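# Descriptive structure summary
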Amino acid sequence: SLALLDRSGVPLARRDAALAGAAALIRDGGILALHGLGGFHLMVDARCAAAVRALRERKARWEKPLAVMAPSLAAAEQLCEIDATARALLTGVEAPIVLLPRRPAAGVAAEVAPDNPLLGVMLPYTPLHRLLLDALGFPVVATSGNASEEPICTAPDEALARLGHLADRFLVHDRPIARQVDDSVVTVVAGAPQLVRRSRGFAPRPLRLAAPAPCVLAVGPHLKNTVTLV
């Protein structure tokens, strides 16, 4: 069940009207805080330089690139050069942010990733993201719902308290987030995926080593029963 809240937590709309109101806010250049899977996203129209600048100023994230969520793979291909490996990453179940070479005519504001030949692109990975991006039909910035250097917000009350000065409206639902988790980030090096940030979709999976790792039982009164990899 969806609700669109103002900065005070007052419901402005519910269900379909909440989704429509959130889409209208983004179209008009506003900043939306969206209740996601592992935390909140802050979203703006990625094509609108003024909206991206406002987000950077409020979030105090002056130069670090911002992730973009494209409504479809076809839309992502209009923004970046995508090979078979990157295509598999974007459409895989992990749905990470993939760092991709930006096309010269990519339809996003320069402020999204200043002086950077790459764009971090992902596709919608929850039903709510899917519904919102289908309603919009254009790419949005989707960055973590927090102020710079703070942990991501995971609950509506927390988001209202900590993001009230960042977001204009809050699109929330009634399914609690069980575990705080950021979006994973992947790049492609020599045709193979390389994890830049191992998070949603890849964690808490175990890391498999290429070869058995020897271990020793450390000795000493302060290290008793401690196993150390060497």
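Owing to the predicted nature of the structure, the values given are computational and were not obtained by experimental measurement.

To continue, consider the overall build of the chain. Along the backbone of the chain there are six helices and 13 strands. If you line up the chain on its principal axes, its C-alpha atoms span 65 × 40 × 30 Å. The buried share of the chain, taken over its 230 residues, is 46%. Long-range pairs, those at least 24 residues apart, make up 61% of the contacts in the chain with a sequence separation of at least 6. Between the averaged position of the 25 positive side-chain charges in the chain and that of its 21 negative side-chain charges there is a distance of 5 Å.

Here we take up the pattern of salt bridges. One pass over the structure, following the stated rule, counts eight salt bridges. The partner of arginine 87 in a salt bridge is glutamate 77, and the shortest N-O contact between them spans 3.3 Å. Of this pair, arginine 87 sits in helix α4 (residues 84-91) while glutamate 77 sits in helix α3 (residues 73-79); the two residues are 10 residues apart in sequence, bridging distant segments of the chain. When its relative accessible area of 30% is taken as the criterion, arginine 87 is described as partly exposed. Looking at glutamate 77, the relative accessible area reads 29%, which means it is partly exposed. By sharing partners, the salt bridges in this structure join Arg7, Arg58 and Asp168 into a single network.

Where strand β1 (residues 3-5) and strand β2 (residues 11-14) come together, three bridges link them in antiparallel fashion. Directly across from alanine 3, in β2, lies its bridge partner arginine 14. Counted between consecutive antiparallel strands, the loop separating β1 from β2 contains five residues, among which glycine 9 sits at a positive phi close to 90 degrees.

Inspection of the secondary structure puts aspartate 6 in the loop between β1 and β2. Here aspartate 6 sits buried without a salt bridge, and the closest side chain of opposite charge, arginine 169, lies 6.1 Å off (N-O distance). Only 2.9 Å separates the side chain of aspartate 6 from the backbone nitrogen of serine 8, close enough to count as a polar contact. Beyond its immediate sequence surroundings of up to four residues, aspartate 6 is in contact with Leu12, Leu160, Arg169 and Phe170.

Across the sheet, 11 strands lie side by side as β2-β1-β9-β3-β4-β8-β5-β7-β6-β10-β11; this open sheet has mixed pairing. In the strand order of this sheet, the two ends are held by β2 and β11 (192-197), each with one partner. Pairing of strand β5 (residues 68-69) with strand β8 (residues 140-144), which is carried by two bridges, proceeds in the antiparallel orientation. Bridging across to β8, valine 68 finds its partner in valine 141. Where helix α2 (residues 49-59) meets the sheet, it contacts β4 (40-45) and β8, and its direction lies at approximately 145 degrees from that of β4. The strands touched by α4 are β6 (97-101), β7 (118-122), β10 (185-189) and β11; relative to β6, the strand with the most contacts, the crossing angle is about 150 degrees.

One can find leucine 55 in helix α2. The buried category is assigned to leucine 55, whose relative accessible area is 1%. As a C-alpha pair, leucine 55 and leucine 171 span 116 residues in sequence and 17 Å in three-dimensional space. Contacts of leucine 55, omitting those with residues within four sequence positions, involve Ile31, Leu42, Val44, Leu66, Val141 and Thr143.

As paired strands, β10 and β11 are joined by five bridges and run antiparallel to one another. By the bridge assignment for β11, threonine 187 is matched with glutamine 194. Following β10, the chain reverses through two residues before pairing antiparallel with β11; alanine 190 in that reversal takes a positive phi of roughly 50 degrees.

So, how was this worked out
Residues numbered from 1 in each chain as written. Predicted model: local features only at pLDDT ≥ 70, side-chain atom pairs only at ≥ 80, totals over all residues. Heavy atoms only, no water. Helix = DSSP H or I, 4+ residues; strand = E, 2+ residues; numbered from the N terminus. Buried < 20%, exposed > 50% of the residue type's maximum accessible area, 1.4 Å probe, protein only. Contact = heavy atoms within 4.5 Å. Lys, Arg positive; Asp, Glu negative; His and termini not counted. Charge placed at Lys NZ, Arg CZ, Asp CG, Glu CD. Salt bridge = Lys/Arg side-chain N within 4 Å of Asp/Glu carboxyl O. Pairing = 2+ DSSP bridges. Polar contact = N/O pair within 3.5 Å; in protein donor to acceptor, adjacent residues only side chain to side chain. Axes fitted to C-alpha atoms, helices over the stretch in contact; angles between N-to-C directions.

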